[in-house]
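Structural overview for review
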Amino acid sequence: MTASIVGWAHTPFGKFDNETIESLVVKVANEALADAGIAASDVNEIMLGHFNAGFSPQDFTASLVLQADSQLRFKPATRVENACATGSAAVHQGIRAIASGEAKIVLVVGVEQMTRTPAAEIGRYLLKASYLPEDGDTPGGFAGVFGKIAQSYFQKYGDQSDALAMIAAKNHKNGVANPYAQLRKDFGYEFCRAESEKNPFVAGPLKRTDCSLVSDGAAALVLTDSETAKTMGKAVNFRATAHAQDFLPMSKRDILQFEGCTVAWQRALEQAGARLSDLSFVETHDCFTVAELIEYEAMGLTPRGQGARAIKEGWTQKDGKLPVNPSGGLKAKGHPIGATGVSMHVMTAMQLVGQAPEGMQIKGAQLAGIFNMGGAAVANYVSVLEPVK
């Protein structure tokens with residue numbers, strides 16, 4: 001690949017009444033440039049990942065990045081959107097700008113502010129990432145869509161409530177060590193497994209602990225070409241990237257297979273000249289615990305219908321053979337949609353240069369995979385990253 005990450009920034013994710021889309025964007029843009037040691041005047045292009053769909057009254061947001069520094073004025077700036085994979089879409093577009101030779105330095109920002117939206121409207125806005133003629137009346141919004149997926153999975157492969165609770169417990173435990181995470185609490189398996197007043201069923205077999213959080217937050221990356229990256233203070237190289245877009249209607253595909261996820265992983269690993277077993281860890285898109293379960297199968301960690309083995313046998317724990325979501329994932333970290341994919345790349349880059357927060361660092365991490373998904377396995381992005389030697 002021709003691109004590397006040479007700087008980054010990340011706000012905590014959570015509920016921030018005193019922040020706006022603009023203030024979040026400005027904060028991470030300035031911090032990422034400072035982290036890379038790059039002046040705003042040296043930026044050639046800007047990519048902003050912002051889903052919105054009604055969460056923010058301010059649309060047409062690409063130019064808000066220019067508010068960070070007047071030296072960004074007149075730089076090309078483009079807003080990128082691809083549902084919950086919006087952040088990775090922005091990152092991949094930044095890489096393309098560098099690969100084309102049009103840009104040497106690209107600033108990528110991902111942002112979302114969701115918590116100011118009334119609860120009744122959140123589900124309606126999120127459903128815009130599904131096929132409305134089929135799913136527009138789904139009770140429970142997007143949670144209802146994944147509740148139906150979970151119910152279908154259970155019908156085909158048996159009740160997987162134990163496995164889903166173990167995934168939730170794993171990610172919440174991992175999130176304790178992540179200072180950027182919205183929910184830094186180890187709930188434990190028993191709490192995640194049992195229905196209770198604090199953990200009620202939300203949709204189908206999914207309980208509250210099976211669902212990612214509504215969040216505000218932002219993250220940013222500075223990208224440059226790999227030759228320039230060798231002269232920088234730190235650098236993480238893209239060894240491979242892949243994007244596979246699938247049909248939007250679930251009726252046109254086997255929703256239990258996440259075939260777009262499989263294709264994206266296969267393309268990326270082939271391009272990287274690597275196998276899944278070569279990865280030190282994976283950050284994957286656990287918008288709901290059932291998504292992580294099916295992603296185990298789609299990435300090739302287990303055969304179809306056997307994803308539960310990966311969590312029950314400890315493979316995906318932080319000390320397992322393939323740690324999954326050492327950051328706590330979307331489950332603990334939160335899911336401000338436009339920021340999520342950029343956040344995943346920041347968390348992974350930190351790990352690969354040994355700068356992850358204490359307790360989160362995967363010892364000796366050398367090669368890592370990221371899977372970011374938009375909709376129900378519709379937009380599928382994989383990145384394979386390694387530190388620049």
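Residues numbered from 1 in each chain as written. Predicted model: local features only at pLDDT ≥ 70, side-chain atom pairs only at ≥ 80, totals over all residues. Heavy atoms only, no water.

1. Regarding the overall build of the protein
Secondary structure summary: the protein contains 13 helices and eleven strands in total. For the protein, the C-alpha radius of gyration of 19 Å lies close to 21 Å, the compact-globule estimate for 389 residues. Dimensions of the protein, computed from C-alpha atoms along their principal axes, come out at roughly 55 × 45 × 40 Å. Here the protein, with 389 residues, has 62% of them falling under the buried criterion. Within the protein, contacts between residues at least 6 apart in sequence are counted, and of these 76% link residues at least 24 apart. Split by element, the accessible area of the protein, about 14,500 Å² in all, is 49% carbon and sulfur. Positive and negative side-chain charges in the protein, numbering 36 and 40 respectively, have mean positions lying 2 Å apart. (Helix = DSSP H or I, 4+ residues; strand = E, 2+ residues; numbered from the N terminus. Rg over C-alpha atoms; globule rule 2.2 N^0.38 Å. Buried < 20%, exposed > 50% of the residue type's maximum accessible area, 1.4 Å probe, protein only. Contact = heavy atoms within 4.5 Å. Areas by Shrake-Rupley, 256 points an atom, 1.4 Å probe, with all protein chains shown as cover. Lys, Arg positive; Asp, Glu negative; His and termini not counted. Charge placed at Lys NZ, Arg CZ, Asp CG, Glu CD.)

2. Looking at the pairing of strand β8 (residues 236–245)
It is a general feature of regular strands that their side chains alternate between the two faces of the sheet. Across the ten residues that make up β8, a large majority, seven, are buried. Pairing between strand β1 (residues 3–10) and β8: two bridges, direction antiparallel. In the sheet register, Ser4 faces β8, and the bridge partner there is Asn237. (Pairing = 2+ DSSP bridges.)

3. Let's talk about the pattern of salt bridges
This model, assessed by the stated rule, comprises eleven salt bridges. Here Glu386 ties to Arg239 by a salt bridge, and the two come within 3.1 Å at their closest N and O atoms. Of this pair, Glu386 sits in strand β11 (residues 379–387) while Arg239 sits in strand β8, and the two are 147 residues apart along the sequence. Overall, Glu386 belongs to the buried group, its relative accessible area being 17%. By relative accessible area, Arg239 is classed as partly exposed at 27%. (Salt bridge = Lys/Arg side-chain N within 4 Å of Asp/Glu carboxyl O.)

4. Details of the packing of aromatic side chains
On inspection of all chains with the given rule, the structure shows five aromatic pairs. Residues Phe55 and Tyr125 carry aromatic rings whose centres are separated by 5.4 Å and whose planes lie at 90° to one another, so their mutual orientation is edge-to-face. One end of the pair, Phe55, is in the loop between β2 (45–49) and β3 (77–80); the other, Tyr125, is in helix α3 (residues 119–126), and 70 residues separate them in sequence. Both residues of the pair, Phe55 and Tyr125, belong to the buried class. Note on Phe142 and Phe146: the rings are 5.5 Å apart at their centroids and 55° apart in plane angle, and the pair reads as tilted. Placement of both Phe142 and Phe146 in helix α5 (residues 141–157) is noted, with a separation of four residues, approximately one turn of the helix. Grouping residues by exposure puts Phe142 and Phe146 together as buried. Just above the ring of Phe247 sits the side chain of Lys252; from NZ or CZ to the centre is 4.1 Å. The ring of Trp315 carries the charged tip of Lys321 above its face, separated from the ring centre by 3.7 Å. (Phe/Tyr/Trp six-rings, centres within 6.5 Å; stacked < 30°, edge-to-face > 60°. Lys NZ or Arg CZ within 6 Å of the ring centre and 35° of its normal.)

5. Some remarks on the packing of α5 against helix α10 (residues 289–298)
Where α5 meets α10, the closest approach of the two axes is 10 Å, and the angle between their N-to-C directions is 55°. Judged by the angle between their axes, α5 and α10 are oblique. Between α5 and α10 the crossing geometry is left-handed. Residues Phe146, Ile149, Ala150 and Tyr153 of α5 lie in contact with α10, whose contacting residues are Val290, Ala291, Leu293, Ile294 and Glu297. (Axes fitted to C-alpha atoms, helices over the stretch in contact; angles between N-to-C directions. Parallel < 35°, antiparallel > 145°, perpendicular 65-115°, else oblique. Left-handed = near helix turned anticlockwise from the far one by under 90°.)

6. Let's talk about the nonpolar core
Ranked by internal contacts, the top residues of the largest apolar core, which has 105 residues, are Phe146, Phe258 and Trp265. Not counting residues up to four positions away in its chain, the partners in contact with Phe146 are Leu206, Phe258, Cys287, Phe288, Val290, Ala291, Met373, Gly375 and Ala376. Counting 29 residues, the second-largest nonpolar core is a separate cluster that includes Ile21, Ala29, Val111 and Ala218. (Core = buried A, V, L, I, M, F, W, Y, C linked by side-chain atoms within 4.5 Å.)

7. Considerations on unusual backbone geometry
Positive phi is not limited to glycine here, since Ala53 has a value of about 60°. Along the chain, Ala53 falls in the loop between β2 and β3. A relative accessible area of 19% means that Ala53 is categorised as buried. Located in the positive-phi region is Phe60, a residue other than glycine, with phi close to 55°.

8. Some details on the sheet that holds strand β9 (residues 281–283)
Either a parallel or an antiparallel arrangement is found when strands of a sheet pair, and the pairing is made through backbone hydrogen bonds. Taken in spatial order, the nine strands of this open sheet run β3-β2-β4-β7-β1-β8-β11-β10-β9, and their pairing is mixed. Only two strands of the sheet have a single partner each, and these edge strands are β3 and β9. Taken over all neighbouring pairs, the strand axes of this sheet differ in orientation by 30° on average, direction set aside.

9. Quick notes on the environment of Gly94
Its place among the elements puts Gly94 in helix α2 (residues 86–99). Judged by relative accessible area, which is 0%, Gly94 ranks as buried. The sequence separation of Gly94 and Thr78 amounts to 16 residues, and the corresponding C-alpha distance is 10.0 Å. When neighbours within four sequence positions are excluded, Gly94 is seen to be in contact with Met47, Val106 and Leu223.

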